[in-house]
Every structure is written in C-alpha cells, then in structure tokens.
Amino acid sequence: MKIPLLVPDLPAAEDLLPYLRRIDASRWYTNFGPLVRELEAGIAARACAVGRPAQHAVSVSNASLGLEVALLALGLPPGSRVLMPALTFVATATAALRAGHVPVFCDVDPETWLLTPEIAARAIAQERVDSVMPVSTYGCPCDAPAWDAFARASGLPVVIDAAGAYGNQACGARTVTVFSLHATKSLAAAEGGMVLSADAEYAARVRHLSNFGIDLSAVDAQTAGSTGLVSREGTNAKLSEYHAAIGLAALARWDASSQRRIALHRDYLAGLGRRCPQARTQQRDAAGVYSIFPVRLPDSHKAADAFRVLGQQGIGTRRWYCPPLNQHPAFASLPVAGGLDVCATLGEQLIALPFHALLSADDMHAVIDALAGFLDA
Ligand SMILES: Cc1ncc(COP(=O)(O)O)c(C=O)c1O
C-alpha cells in the first residue's frame, strides 16, 4: 500500500541501548526484573490523576492474557457471565472464554459506540450477569467515574478492556483497567500489557496468576525453599525485560509521540468535516491520543466499496469490527442481552482510515481527497 493503514512507531535501536546494557549487566531477563518494575512504576505514576486513588500496575505479556488473568483474579466461579459489547476485537471474548467465563453480548451507544453504564443497567435487568467488561473501543475512553458508580450500585466487578486506549482511559477507584502495549498501540513495546487496579490485594492476585498462580508469600517454614504454593492455577503472562526495555524507551518519549497523534487527529477531524460531511466520526474527545481512526459511512455498500476503491488507490483501510462478535461462528451460540441493532449497523458501516504517528500531512490529505472523491461520485 502506498499509504498503509498502520505503521508502528517504536523507539529506535539507539534509544533502546541504555536499557539493553542494563539487562546485559544484570543478566536478569524475565521474572519481574528491574526494568519491568520500573515500567510498572512509571505507568502507575502516570495513571494517578489528581484526586483519584493510587493505582497498582501489573505487567503482562499482552492484553489478551491481561484480561484473562484480570477476570480470574476476581475469583468468580467457572461459568460466570461477563457482559461485553458485541462491537469489539475478538480478544475481549476469547479472554473471558479462556478464563472459564461466558461472554454475554450487548449493544453500544449509537454516538460513542461504547457500552455505557446505562446500557449495562438495562442488560442486567434482562440477563444474569456476574461481571462487566466495557471496552474503550477505538481508543475512546469509558467514563471511569460512571463505571465506578455502576460497580458500587450493582455490586458487579467491572474490568475495562482499554487495550487500545493508553493515554486516554482514566483508571477508576473500583474498576480494573487493562492496556495493551502491542506494536500498533499508542504506547508500544512490540508485545505487552498492563493491568491497573487501586486494590493492592487484587493486584497481587493478578501477579500470582500471571506467574502460573504461584504465591510466594504463602510459603511457610514447612515449604521454605520451594517454588511457592498455587492456590489457584494461573498461566505464564510475564513480560520480559526486553519488552520492558522497549516500553521504557517508549514512555521516555511519550510526550512528543502523543502530541503528534493529538495534532494529527485534530487535523484529520477538521479535514473530514470540511470535505466528507457524509462520513460520521465517533463522539470522542478531539484532543485524545488515538491509534485508530474509524469513520461511519452512510450504508454497508459504501463501506464495502470504500474498502475496495481506496485499496485500488493504494490506501489501506480496515473494516473494524465487521462482523460484530455475535456473528462469528465461534461466538454465535453465546447469550445476548437485548438487541444488538447498533452493533450490527456499525459493524457494516465503519471503516478505519490510515492513522499512525508517522502519517504525513500530505498522506492524510490524500486519504481525505480519495474518500471525498469516492463519496461524491
Ligand atoms: C479491544 C481489544 N482488546 C484486546 C486486545 C488484545 O490486545 P493484545 O494484542 O495486547 O493481546 C486488543 C488488541 O488490539 C483490542 O483491540
């Protein structure tokens, strides 16, 4: 593609060198080494907004496993039901299934394209639900204080799948937040993730579950010198020191890289508003840090044709998330709470345009010109 959909923007080799030298010196490559701890501390410190509770950050090898261990750490019985939007990436549902839980799909708000506490409140009045997993879809943040209030009122645990929303999604007092550090995300470590919670005991359980379920603090005089006790089986979701090195180098240049994304997003919105009024955008903060730029076209044929026509012009696009999860064979028999009309329509009409920190202004204008030409034809 002349103008690719996504171009990862990871730190250069020379920016990694100081961190790699530290790994050489320590010979500590994984298992919660000093770089992993430093990355966790850096992300936890940045997550503490004024007046909000301190966060405990636990690194994971990717957000899919992060979501899985975040659900396991809630301690709900197998077969518990997790409410989630049908308009999301497959990992939201697979994480729940792999944790032994059952996804329950529900609809999203027609403007923000998010599962909101109001939609969740209607859904739990119809279907049995044991936890809720809202998604910061396309990087648009969920309303953390509103989800805190929902968790308090309903008594249900809330785990926010904020995989694509690092830099946008605020962390709540009661809600758990999971970010991805995948190569295409705003803060990228090639692969990686972070689970944040204000609850220190919960965060400790997440850490044990990410380390096979081993709880070293449970070792007593009888078991001293052992590899620890497992009270709940976990998995290996540890982040390596090499990935933490990339994450730390990315965090060191976060201010510049996030400013670039903010400026690009603003310019894109302005250009589309002028040239493509038929293309509607997600109701989200124009000054956010995004890694995906979806637009809603007037109907499903336009979205399918735009993918083909822009592709012929060398412009990469993707129909995220088409179809919604309930239409995938693997998930088709899962329960649904209420209708999924908005998810179905958005699944057909959304198309993501090229958007990444390295996109030039010329290429952005070329994409807008191509879309305007297609929509006006
Ligand atoms: C909504 C959502 N959840 C989960 C994931 C999985 O993240 P990871 O690739 O870090 O496993 C993604 C990845 O793009 C995502 O978009």
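Residues numbered from 1 in each chain as written. Predicted model: local features only at pLDDT ≥ 70, side-chain atom pairs only at ≥ 80, totals over all residues.

Enquirer: Please set out the packing of helix H3 (residues 63-72) against helix H4 (residues 90-98) residue by residue, giving values where relevant.
Expert: With their axes 8 Å apart at the nearest point, H3 and H4 run at an angle of 45° to one another. By the angle between their axes, H3 is oblique relative to H4. Of the two possible hands of crossing, H3 and H4 adopt the one that is right-handed. Counting all contacts with H3, which are made through Ala63, Ser64, Leu67, Glu68 and Leu71, the residues of H4 involved are Ala91, Thr92, Thr94, Ala95, Ala96 and Arg98. When the residues that make up the contact of H3 with H4 are grouped by side-chain class, the tally is six nonpolar, three polar and two charged. (Axes fitted to C-alpha atoms, helices over the stretch in contact; angles between N-to-C directions. Helix = DSSP H or I, 4+ residues; strand = E, 2+ residues; numbered from the N terminus. Parallel < 35°, antiparallel > 145°, perpendicular 65-115°, else oblique. Left-handed = near helix turned anticlockwise from the far one by under 90°. Contact = placed C-beta atoms within 7 Å. Nonpolar A, V, L, I, M, F, W, Y, C, P; charged D, E, K, R; others polar.)

Enquirer: Before we move on, can you summarise the pairing of strand S11 (residues 293-296) with the specific residues and values?
Expert: A two-sided burial pattern is seen for S11, the buried positions comprising Phe293 and Val295 on one face and Pro294 and Arg296 on the other. Pairing geometry for strand S10 (residues 280-281) and S11, over two bridges, is antiparallel. The partner of threonine 281 across the bridge, within S11, is valine 295. Note that S11 and strand S12 (residues 350-353) share four bridges and pair antiparallel. Paired with arginine 296 across the bridge in S12 is leucine 350. (Buried ≥ 20, exposed ≤ 12 C-beta atoms within 10 Å, placed from the backbone. Pairing = 2+ DSSP bridges.)

Enquirer: With reference to specific residues and values, describe the nonpolar core.
Expert: Grouped together as the largest cluster of nonpolar side chains are 112 residues, with contacts concentrated most on Val69, Ala70, Leu71, Leu83, Val178 and Val195. Broken down by element, the residue count for this core peaks at seven residues, all from H3. Taken domain by domain, the makeup of this core includes at least three residues from each of domain 1 (13-252) and domain 2 (254-376). Those residues in contact with valine 178 that lie beyond four places of it in its chain are Ala63, Gly66, Leu67, Ala70, Val159, Ile160, Asp161, Ala162, Ala163, Gly193 and Val195. (Core = buried A, V, L, I, M, F, W, Y, C linked by C-beta atoms within 7 Å. Domains from an automatic or database assignment.)

Enquirer: Account for the environment of tyrosine 138, with residues named and values stated.
Expert: One can find tyrosine 138 in the loop between strand S4 (131-132) and helix H6 (144-154). Taking the number of C-beta atoms within 10 Å as the measure of exposure, tyrosine 138 has 25 and is therefore buried. Separated by 156 residues in the primary sequence, tyrosine 138 and proline 294 have C-alpha atoms spaced 7.4 Å apart. When near neighbours in sequence (up to four residues on either side) are disregarded, tyrosine 138 contacts Trp113, Gly164, Gln282, Ile292 and Pro294.

Enquirer: Lay out the site of the ligand in plain terms, naming residues and giving numbers.
Expert: Taken together, 14 residues surround the ligand, and among them Asn62, Ala63, Ser64, Ala163 and Ser180 come closest. Secondary structure elements with two or more residues in the shell around the ligand: H3 and H4. (Near = placed C-beta within 6 Å.)

Enquirer: Any chance you could break down the sheet that holds strand S6 (residues 176-180) for me, citing the residues and the numbers?
Expert: Here we have four strands laid out as an open sheet, ordered S1-S7-S6-S5, and mixed in their pairing. Each edge of the open sheet carries a strand with a single partner, namely strand S1 (56-60) and strand S5 (159-161). Taken over all neighbouring pairs, the strand axes of this sheet differ in orientation by 20° on average, direction set aside. Note: S6 against strand S7 (residues 193-197), four bridges, orientation antiparallel. Bridged to threonine 177 within S7 is leucine 196. Here H3 sits on the sheet and contacts S1, S5, S6 and S7; the angle it forms with S6, its principal contact strand, is near 165°.

Enquirer: Kindly report on H6, identifying the contributing residues and their values.
Expert: Those residues of H6 not exposed but buried are Ala144, Trp147, Asp148, Phe150 and Ala151. Seen from one end, H6 has its buried residues packed into an arc of 160°, which puts them on one side. Away from its buried face, by an angle of more than 90 degrees, H6 presents the exposed residues Arg152 and Ala153. Those residues of H6 hidden inside the fold are in contact with helix H5 (117-126) and S5. Glycine 155, located one to two residues past H6, shows a positive phi value of around 75°. (Arc of directions from axis to C-beta.)

Enquirer: Residues and numbers for the domain arrangement of the protein chain, please.
Expert: Its domain assignment divides the protein chain into domain 1 (13-252) and domain 2 (254-376). Across the boundary between the two partners, domain 1 contributes 35 residues, which contact 30 residues of domain 2. Elements that contribute at least two residues to the side of domain 1 that touches domain 2 include exactly strand S2 (81-85), H4, strand S3 (102-106), H5 and helix H8 (241-252). Split by residue class, the side of domain 1 that touches domain 2 holds 21 nonpolar, nine polar and five charged.

Enquirer: Summarise H4; cite the residues concerned and give the values.
Expert: Along H4, the residues that are buried comprise Ala91, Thr92, Ala93, Ala95 and Ala96. Summarising the contacts, the buried residues of H4 are in contact with H3, S2, S3 and S5. The positive-phi residue at the C-terminal boundary of H4 is glycine 100, with phi of around 85°.

Enquirer: Account for the sheet that holds S2, with residues named and values stated.
Expert: Overall, parallel pairing links the three strands, which are arranged S3-S2-S4 in an open sheet. Of all strands in the sheet, those with a lone pairing partner are S3 and S4, marking the two edges. Pairing of S2 with S3 involves five bridges; the strand directions are parallel. Opposite proline 85, over in S3, you have cysteine 106 as the bridge partner. Docked against the sheet, H4 engages S2 and S3, running at close to 175° with respect to S2. Docked against the sheet, H5 engages S2, S3 and S4, running at close to 140° with respect to S2.

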